[in-house]
Amino acid sequence: MIIVYAPRDGEREHFDARSLRVSEASIVSRTTDMKWAEVQQSLQADDLEAMRGVAWVIKKRGNPSLRWDDFDPGVEELYTRLDKDEVVGWVNAGIAVATQNPDAMPADIRAALSDLPSLAFDREHAERVIEEMVADPKDETDPGPTTEKLSEPPSGTPTSTLSESSTSPSSPTSSTSHPETSTT
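Residues numbered from 1 in each chain as written. Predicted model: local features only at pLDDT ≥ 70, side-chain atom pairs only at ≥ 80, totals over all residues. Heavy atoms only, no water.

Visitor: Please explain the sheet that holds strand E3 (residues 78-81) as it appears in this structure.
Guide: The strands making up a sheet associate through backbone hydrogen bonding, with each pair oriented either parallel or antiparallel. The 3 strands are arranged E2-E1-E3 in an open sheet whose pairing can be described as antiparallel. Two strands in the sheet have a free side with no partner beyond their single neighbour: strand E2 (13-16) and E3. The sheet shows a mean angle of 25° between the axes of neighbouring strands, taken without regard to direction. As paired strands, strand E1 (residues 2-5) and E2 are joined by 4 bridges and run antiparallel to one another. Across the sheet, the residue bridging to Val4 is His14, located in E2. (Pairing = 2+ DSSP bridges. Helix = DSSP H or I, 4+ residues; strand = E, 2+ residues; numbered from the N terminus. Axes fitted to C-alpha atoms, helices over the stretch in contact; angles between N-to-C directions.)

Okay, structure coming up:
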């Protein structure tokens, strides 16, 4: 999750919540009186206190003497956007839901995901991910019969060929990892 701080009279800043160290997450938790899991959920709901806490702690890296009371943004100056990994996760989730409906077409999936780019920090990346992951079967060429033995039956689920790196230097955890996609 990326927190964007857009002050009316200053330069826009952005803060990657996944870049926090454990000690910094503890400071956010104590300061906001929320457990870290609550902070994470609150960020998804654009909770002002959670966004302020994360942004403040990250700003303190460059200005250790910055006090909580000294960082008091306006209510419309903070908002969140999805990072690249989160965009891929949302698209995968949309595809997974669509595969439950045998009548779902790639155009339907694209329509269901049409608001996603506006929620992403990198809009162009989100648009590209949607186009790459929601492939139209008529656009794909048939490679013909294969001589390879498949290790598992094809699932009919679109797969990702995207190899974008995360916007976060942190390694994936069970809560941020996405299931591996089939290459069959």
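Visitor: Please explain the nonpolar core as it appears in this structure.
Guide: Looking at soluble globular proteins, one finds that nonpolar side chains tend to be buried together. Core analysis: the largest hydrophobic core is formed by 36 residues, its most contacted members being Ile3, Leu43, Val54, Val87 and Val91. Within the residue set of this core, elements represented by two or more residues are E1, helix H2 (36-44), helix H3 (48-62), helix H4 (84-98) and helix H7 (123-133). At 7 residues, H3 tops the list of elements feeding residues into this core. Ignoring any residue separated from it by four or fewer positions in sequence, one finds Val54 in contact with Ile3, Ala17, Leu20, Val28, Trp36, Val39 and Leu43. (Core = buried A, V, L, I, M, F, W, Y, C linked by side-chain atoms within 4.5 Å. Buried < 20%, exposed > 50% of the residue type's maximum accessible area, 1.4 Å probe, protein only. Contact = heavy atoms within 4.5 Å.)

Visitor: What's the story with H2 in this structure? I'm lost.
Guide: The periodicity of an α-helix, 3.6 residues per turn, causes residues three or four places apart in sequence to face the same way. Every buried residue belonging to H2 is among Val39, Ser42 and Leu43, and all of these are buried. Seen end-on, H2 carries its buried residues on one side only, within an arc spanning 105°. Facing away from the buried side of H2 by more than 90 degrees, the exposed set consists of Gln41 and Gln44. Considering only its buried residues, H2 is in contact with E1, helix H1 (22-32), H3 and E3. Among the residues trailing H2, Asp46 stands out with phi positive, at a value near 55°. (Arc of directions from axis to C-beta.)

Visitor: Explain the confidence of the model for the protein chain here, please?
Guide: Atom-level detail of predicted coordinates should not be read off regions where pLDDT is low. Of the residues in the protein chain, 73% reach a pLDDT of 70 or more, and the chain-wide mean stands at 80. Note on residues 140-184: pLDDT under 50 across the span, and 38 contacts to partners over four residues away in sequence or across chains. (pLDDT = per-residue confidence, 0-100.)

Visitor: What's the story with the side chain of Asp16 in this structure? I'm lost.
Guide: Position of Asp16 relative to the elements: it lies in strand E2. Lacking a salt bridge, the buried Asp16 has Arg18 as its closest oppositely charged neighbour, with an N-O distance of 4.8 Å. A distance of 3.0 Å separates a polar atom in the side chain of Asp16 from the backbone nitrogen of Arg18. (Lys, Arg positive; Asp, Glu negative; His and termini not counted. Salt bridge = Lys/Arg side-chain N within 4 Å of Asp/Glu carboxyl O. Polar contact = N/O pair within 3.5 Å; in protein donor to acceptor, adjacent residues only side chain to side chain.)

Visitor: I'm lost on H7 in this one. Help?
Guide: All buried positions along H7 are accounted for by His125, Ala126, Val129, Ile130 and Met133. Considered in projection along H7, the buried side chains sweep an arc of 135° and stay on one side of the axis. The inward-facing, buried residues of H7 abut H4, helix H5 (106-112) and helix H6 (116-119).

Visitor: How should unusual backbone geometry be read in this particular structure?
Guide: Despite not being glycine, Asp33 shows a phi value in the positive range, around 60°. Of note, Asp33 is situated in the loop between H1 and H2. Although it is not a glycine, Asp46 sits at a positive phi angle of roughly 55°.

Visitor: Is there a simple way to think about the environment of Val129 in this case?
Guide: Of note, Val129 is situated in helix H7. For the pair Val129 and Val88, spaced 41 residues apart in the sequence, the C-alpha separation amounts to 6.8 Å.

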